[in-house]
Amino acid sequence: MKSLWHIPALLLYLIPTSLASYAFYVGKSLTQDGTVMLGGTGEEVSSHWLQIFPAADHPPNSSLTVGVTEDAVMPGRLLNISQAPHTFRYLSMEYSDYEGFPAPLTNGGVNERGVAVRDVWAQNRDELIAMTPNPQTGLQYSDLARVVLQRTRTAREGVELIGQMIAQYGYADYGGNSHLIADAHEGWVVWEMSGGQGLWAAERFGPDDIRVLYPGYIETFPIDFADSEDYAGSPNIVSFAVKQGWWNPNDTEPFNIFKAYGAQGENYTARNGGFKYMSQADLEKATRAMVPVTEKGMIERVRDFRIADDEAGYGQVISLYPDMDPDLIRIWVAPTGSVTAPFNLWWLGVKSVPPEYAQHRYLTKDAASTFLDPDYQFQEATHFAGRIFKQVLYYTCSDPETFLPIVQDMLHGFENDSFTDIAWVESSAKTLIENGQRETVLDLLTFYAHTRAEKALALGKTMVDSLDAYVKLLGRFRMPRDDRINDPGLGAETVNCLVGWDPDRPAEQRRMAVRKFRRQP
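What you see is a predicted model, and the numbers here were worked out from it, not measured in a lab. (Residues numbered from 1 in each chain as written. Predicted model: local features only at pLDDT ≥ 70, side-chain atom pairs only at ≥ 80, totals over all residues. Heavy atoms only, no water.)

> Can you lay out the overall build of the protein chain for me, pointing to particular residues and giving the numbers?
Across its full length, the protein chain holds 13 helices and 18 strands. In terms of principal-axis extent, the alpha carbons of the protein chain reach across some 70 × 65 × 50 Å. Among the 521 residues that make up the protein chain, the fraction classed as buried is 56%. Taking the intrachain contacts of the protein chain between residues at least 6 apart in sequence as the baseline, contacts between residues at least 24 apart amount to 71%. (Helix = DSSP H or I, 4+ residues; strand = E, 2+ residues; numbered from the N terminus. Buried < 20%, exposed > 50% of the residue type's maximum accessible area, 1.4 Å probe, protein only. Contact = heavy atoms within 4.5 Å.)

Below, the structure written as structure tokens:
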């Protein structure tokens, strides 16, 4: 069996790409309404769209295709696994491409049992990446998120299912990954390892915990984890590290998952990786300063312009509380990077997604080399929310000092209206449920969500037109300086409203930092 040692060293170093995902967890003792709260983004160069998957019954011997193909950055082989007899309804932000993995993909979402999942990169050390079989087989990160949404009733079940799937079918990856899984009582981070050894580890978060994953991490880990309610892992998670010389049980230092299996180097630490302006430690501190955390507060954390930029494909905030009616599970979703896009209000009982928020060809894999399938002609003829709010982002980031406060004031105004409406929408829905009018509840939620989504789209068009007129009338529009429209990648500059813009520095220093980043005179 071939290994990946033939991959150039530079590629091995770059597999933990900057295109990743954020995840926020806040325990129920630290939120205003006693809910477990999750937030996050997905960071992929890809189209992102909202999709609701209905519950389904599957005939005997049904199968599910999982894994990666030979086109993946770490090549693999697809395989079929057994499908569950019944899969739950769930909502997900889907996307079309990442590291050559087969579409559609998901970072996660929430299911009708109140289990929420977020996928987050978590780089492994080069030695693990290099020993990964070629071709590799098993479920990849999106497959694991999807089966958790389809099959599990609690966060702990989600952890156990990931472990079972890896043990039975293997794990296919791009250099290490993690998942944040939560329900109304607790959360877990599960770190799946490269190397083809079936390695994984998990840590529980309780009611007093706050965790920000970017990348996902686990630090001190008990060697007797099998006897713990707060940790889980593959049977070889400790012994393999000892065998490889990555931890010595005779050392006084306790076993540490990040030090044993994480990226090694002076710039890599579990909570201060320096991957963006705000480290995980800084974001956790900023989140704890907001206690008791509200949904508005979590939206602002996800939207924080020190982390939300052109790489943020969407934003998501979910509150989980016990005994939720499945139809009233509430999800806030921004259709693209939330620094300049509104969070729209959805419930799991919404019957459908407006075509403007469904899949379009903008940034969809292979769109540049294929024509449109006629089946999608009506959907593609509509405006695409993701594209409209990308336009807002690009104009806003041309002069963030001027435009960002105005744009975000408008977003806050729109979202405040939605927050005001929650009480009457949900109280009306509960009354209808008590009176046996479930179908009317679904109609109500669908009507409200679609109406607000349409108003958000209208707001986006107004923003684009206004910014376009302002920039052009004042003579600030400029044409590109060269003919390379695509970022070459490998750490090159991307559109960002804040890089180098420390909010604690004087305004003139902030302006100079932004100009320097944008290579302006």
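The structure having been displayed, the exposition proceeds.
> Which residues make up the state of the cysteines, and what values do they have?
Per the counting criterion, the structure on display carries one disulfide. The disulfide partner of Cys397 is Cys497, and the S-S distance across this bridge is 2.2 Å. In this structure, the disulfide formed by Cys397 and Cys497 twists by about -105° around the S-S bond and is classed as left-handed. Of this pair, Cys397 sits in the loop between α10 (385–396) and α11 (400–434) while Cys497 is found in the loop between α12 (438–473) and α13 (507–517), placing the two residues 100 residues apart along the sequence. Note on accessibility: Cys397 and Cys497 belong to one class, buried. (Disulfide = S-S within 2.5 Å.)

> Describe α12, listing the residues and the values that go with them.
Taking 1.5 Å of rise per residue, 36 residues should cover 52 Å, and α12 covers 53 Å from first to last C-alpha, within 8% of that figure. In the segment just after α12, Gly475 is the residue with positive phi, at about 70°. (Expected span 1.5 Å × (residues − 1).)

> I'd like to hear about the packing of helix α8 (residues 295–303) against α11, residue by residue, with values.
Contact geometry of α8 with α11 gives a least axis separation of 12 Å together with a crossing angle of 150°. By the angle class used here, α8 and α11 are roughly antiparallel. α8 and α11 meet at a crossing whose hand is right-handed. In this structure, α8 contributes Glu295, Lys296, Ile299, Glu300 and Arg303 to the contact, and α11 contributes Gln408, Leu411, His412, Glu415, Asn416, Phe419 and Ile422. In the contact of α8 with α11, the residues fall into four nonpolar, three polar and five charged. (Axes fitted to C-alpha atoms, helices over the stretch in contact; angles between N-to-C directions. Parallel < 35°, antiparallel > 145°, perpendicular 65-115°, else oblique. Left-handed = near helix turned anticlockwise from the far one by under 90°. Nonpolar A, V, L, I, M, F, W, Y, C, P; charged D, E, K, R; others polar.)

> Could you give me a rundown of the side chain of Arg452, with the residues and numbers involved?
Residue position: Arg452 is located in helix α12. Here Arg452 sits buried without a salt bridge, and the closest side chain of opposite charge, Asp417, lies 4.6 Å off (N-O distance). Within the structure, Arg452 has its side chain in polar contact with the backbone oxygen of Phe414 (distance 2.8 Å). Those residues within four positions of Arg452 in sequence are excluded, and the remaining contacts are Asn344, Phe414, Asp417 and Ser418. (Lys, Arg positive; Asp, Glu negative; His and termini not counted. Salt bridge = Lys/Arg side-chain N within 4 Å of Asp/Glu carboxyl O. Polar contact = N/O pair within 3.5 Å; in protein donor to acceptor, adjacent residues only side chain to side chain.)

> Give a description of α8 that names residues and reports values.
Of all the nine residues making up α8, seven are buried; the element is thus mostly covered by neighbouring parts of the structure. Of the residues making up α8, those classed as buried are Glu295, Gly297, Met298, Ile299, Arg301, Val302 and Arg303. In this structure, the buried side of α8 is in contact with β1 (23–26), β2 (36–42), α7 (280–288), β16 (314–320), β17 (330–334) and α11.

> Quick rundown of the pairing of β16? Include the residues and the values.
Most of β16 is tucked away, with seven of its seven residues classed as buried. Side chains of β16 alternate between two faces, with Tyr314, Gln316, Ile318 and Leu320 and Gly315, Val317 and Ser319 buried alike. With seven bridges joining them, β2 and β16 adopt antiparallel strand pairing. Each residue of the ladder has a partner; that of Met37, found in β16, is Ser319. Pairing geometry for β16 and β17, over four bridges, is antiparallel. Within β17, the position partnered with Gly315 by the bridge is Ala334. (Pairing = 2+ DSSP bridges.)

> Please set out the side chain of Ser46 residue by residue, giving values where relevant.
Turning to its location among the elements, Ser46 is positioned in the loop between β2 and β3 (48–53). Not counting residues within four places of it along the chain, the set of residues in contact with Ser46 comprises Tyr95, Ser96, Asp97 and Leu363.

> Which residues make up the sheet that holds β2, and what values go with them?
With antiparallel pairing, six strands are arranged side by side in an open sheet as β14-β1-β2-β16-β17-β18. Sheet topology places β14 (210–213) and β18 (344–347) at the edges, where each strand pairs with a single neighbour. Direction aside, neighbouring strands of the sheet carry axes that sit 15° apart on average. The sheet contact formed by β1 and β2 spans four bridges and is antiparallel. Counted as the bridge partner of Ala23 is Gly40 from β2.

> Tell me about the environment of Val189, and name the residues and values.
With respect to the helices, strands and loops of the structure, Val189 is situated in strand β12 (residues 187–192). You can call Val189 buried: its relative accessible area is 1%. Between the alpha carbons of Val189 and Lys390 there is a distance of 31 Å; along the sequence they are 201 residues apart. When sequence neighbours within four positions are dropped, the list of residues in contact with Val189 reads Ser178, His179, Ala201, Ala202, Glu203, Phe205, Arg211, Leu213, Tyr217 and Ile218.

> Quick rundown of the nonpolar core? Include the residues and the values.
Residues Ile237, Phe255, Ile257, Tyr261 and Leu320 are the most contacted members of the largest nonpolar core, which totals 115 residues. Among the elements that take part in this core, α12 stands out by supplying 13 residues, more than any other. (Core = buried A, V, L, I, M, F, W, Y, C linked by side-chain atoms within 4.5 Å.)

> I'd love a proper account of the packing of α10 against α12, names of residues and values included.
Packing of α10 against α12 brings their axes to within 9 Å, and their N-to-C directions diverge by 30°. For the pair α10 and α12, the sense of crossing is left-handed. Contact residues: Ala385, Ile388, Phe389, Gln391, Val392, Tyr395 and Thr396 in α10; Ala456, Leu457, Gly460, Lys461, Met463, Val464, Leu467, Asp468, Val471 and Lys472 in α12. Its residues assigned to classes, the contact of α10 with α12 shows 11 nonpolar, three polar and three charged.

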